[in-house]
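Residue-level listing of the chains:
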Amino acid sequence: MKRILFVDDEPEILDGLRTMLRKRREQWQMEFVESGAAAIAEMEKQPFDLICSDMRMPQMDGAQLLSIAAERWPESVRIVLS
């Protein structure tokens, strides 16, 4: 089962993604977090196959998050949700 991490500081966006992707629950294990720091905490527990992050977020933007992910978890696919 593929593990996918969605990161966005807007809970409404995450709720929309969760609803849209509900049909994929049997194929994907999905986590939804609201910050770069929360994303790193989740990745430290167990790596993800894919990290999908918003670009504009406070404290740590998507580019910073994905750069950290590239260094620490290079096998994870990283994309920006724009």
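Up top you'll find the structure we're talking about.
In short, a report on the structure. For clarity, every value in this text was computed on a predicted model and none was experimentally measured.

## Remarks on the environment of Ile4
Examined against the element boundaries, Ile4 turns out to sit in strand S1 (residues 2-7). Between the alpha carbons of Ile4 and Met43 there is a distance of 10 Å; along the sequence they are 39 residues apart. Apart from the residues lying within four places of it in its own chain, the contact partners of Ile4 are Trp28, Gln29, Met30, Glu31, Phe48 and Leu50.

## A short note on the packing of helix H2 (residues 36-45) against helix H3 (residues 62-72)
Two elements in contact, H2 and H3, have axes whose closest approach is 10 Å; the angle formed by their N-to-C orientations is 20 degrees. Judged by the angle between their axes, H2 and H3 are roughly parallel. Viewed along their axes, H2 and H3 form a crossing whose handedness is right-handed. Seen from H2, the contacting residues are Gly36, Ala39, Ile40, Met43 and Glu44; seen from H3, they are Leu65, Ile68, Ala69 and Arg72. For the contact of H2 with H3, a count of residues per class yields six nonpolar, one polar and two charged.

## Observations regarding the pattern of salt bridges
One pass over the structure, following the stated rule, counts three salt bridges. Between Arg18 and Asp15 there is a salt bridge, with its nearest N and O atoms 2.8 Å apart. Residue Arg18 and its partner Asp15 are both found in helix H1 (residues 11-20); the two are separated by three residues, about one turn of the helix. Taking the relative accessible area as the measure of exposure, Arg18 reaches 32% and is therefore partly exposed. Residue classification places Asp15 among the partly exposed residues on the basis of a relative accessible area of 42%. Across the salt bridge formed by Arg72 and Glu44, the nearest N and O atoms sit 2.7 Å from each other. Note that Arg72 is positioned in helix H3 and Glu44 in helix H2, a separation of 28 residues in sequence. Judged by its relative accessible area of 44%, Arg72 falls in the partly exposed class.

Here is what the cut-offs are and how they apply
Residues numbered from 1 in each chain as written. Predicted model: local features only at pLDDT ≥ 70, side-chain atom pairs only at ≥ 80, totals over all residues. Heavy atoms only, no water. Helix = DSSP H or I, 4+ residues; strand = E, 2+ residues; numbered from the N terminus. Contact = heavy atoms within 4.5 Å. Axes fitted to C-alpha atoms, helices over the stretch in contact; angles between N-to-C directions. Parallel < 35°, antiparallel > 145°, perpendicular 65-115°, else oblique. Left-handed = near helix turned anticlockwise from the far one by under 90°. Nonpolar A, V, L, I, M, F, W, Y, C, P; charged D, E, K, R; others polar. Salt bridge = Lys/Arg side-chain N within 4 Å of Asp/Glu carboxyl O. Buried < 20%, exposed > 50% of the residue type's maximum accessible area, 1.4 Å probe, protein only.

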